[in-house]
Amino acid sequence: MEEQTVRAAINRHWAASAAGDQVTEHEIYHDDTVCIYPQSGEVIHGRQNLQALRSHHPGKPSGFVVRRIVGEGNLWVTEYAIDYEGKSAFTVSIMEFRDGKVARETQYFADPFEAPAWRQQWVEGLA
């Protein structure tokens, strides 16, 4: 699959996710996709289950910012921030494509935390 085609599909997916468009958001997945949430130990089998799970989330996202998308061939990574009920989560999505659709996705979610004062002299704030 051509890089521009994959990138366009991923951009469409994230835009639909941010807009709450459940149908368009899930067009990118194979019917037999597998989505893994390592931090909670959950595995979701199938596009239908994934869409149902996301459609029933009690705290719909109120903000969504894609920081970058990188990849080639069948492996693509998106870094983004998503807000749920006023709280941000920094997220990494690793998508593995098969025949133009996502066959496997692993998503990592991390809460923000205060930077320790001891390292101030070596860092700057993230914009």
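Values in this document were obtained by computation on a predicted structure and should not be read as measured data.

Caption draft 1: Quick peek at the sheet that holds strand β1 (residues 29-37). Taken together, the six strands give an open sheet; going across it, the order is β2-β1-β6-β5-β4-β3, and neighbouring strands pair in mixed fashion. Where the open sheet ends on each side, the last strands, each with one partner, are β2 (42-45) and β3 (61-72). Between one strand axis and the next, the sheet turns by 20° as a mean value, whatever way the strands run. With 10 bridges joining them, strand β4 (residues 75-84) and strand β5 (residues 87-98) adopt antiparallel strand pairing. Bridge pairing links Thr78 to Ser93 in β5. Across the sheet, helix α1 (residues 3-19) is in contact with β1, β3, β4, β5 and β6 (101-110); its angle to β3 comes to roughly 170°.

Caption draft 2: Main features of the nonpolar core. Grouped together as the largest cluster of nonpolar side chains are 19 residues, with contacts concentrated most on Ile10, Trp14, Ile28, Met95 and Phe97. Those elements that provide at least two residues to this core are α1, β1, β3, β4 and β5. Looking at this core, the element that brings in the most residues is α1, giving four residues. Look past the residues within four positions of Ile28 in its chain and what remains in contact with it is Ala9, Ile10, His13, Met95, Phe97, Lys101 and Val102.

Caption draft 3: Here's a closer look at the pattern of salt bridges. For the coordinates displayed, the defined rule picks out eight salt bridges. A salt bridge links Arg68 to Glu79; its shortest N-O distance comes to 2.3 Å. A residue pair is termed long-range when its members are at least 10 positions apart, and Arg68 in strand β3 and Glu79 in strand β4 qualify at 11 residues. Taking relative accessible area as the criterion, Arg68 reaches 48% and is therefore assigned partly exposed. For the salt bridge of Glu96 with Arg104, the shortest nitrogen-to-oxygen distance reads 3.4 Å. Looking at Arg104, the relative accessible area reads 37%, which means it is partly exposed. Overlapping salt bridges, with partners in common, bring together Glu25, Arg54 and Glu105 in one network.

Definitions and cut-offs
Residue positions are given per chain, counted from 1 along the sequence in the order it is written. It should be noted that, the model being predicted, local features are given only for residues of pLDDT at least 70 and side-chain atom pairs only at 80 or more, the latter also being counted only at that level, while totals for whole chains, interfaces and linings use all residues. Working from all heavy atoms in the structure, the side-chain values ignore hydrogens and water. Paired strands, in this sense, are two strands between which DSSP finds at least two bridges. To qualify as a helix, a DSSP run of H or I must reach at least 4 residues; to qualify as a strand, a run of E must reach at least 2; elements of each kind are numbered from the N terminus. Axes, fitted as lines to C-alpha atoms, cover a helix only where it is in contact. Angles between the N-to-C directions of the axes lie from 0 to 180 degrees. Residue contacts follow a heavy-atom distance rule, with two residues in contact if any of their heavy atoms lie within 4.5 Å. In this description, a nonpolar core means a group of buried Ala, Val, Leu, Ile, Met, Phe, Trp, Tyr and Cys residues linked to one another through side-chain atoms lying within 4.5 Å. Burial classes: relative accessible area under 20% of the type maximum marks a residue as buried, over 50% as exposed, and values in between as partly exposed (1.4 Å probe, protein chains only). A pairing counts as a salt bridge when a side-chain nitrogen of Lys or Arg comes within 4 Å of a carboxyl oxygen of Asp or Glu.

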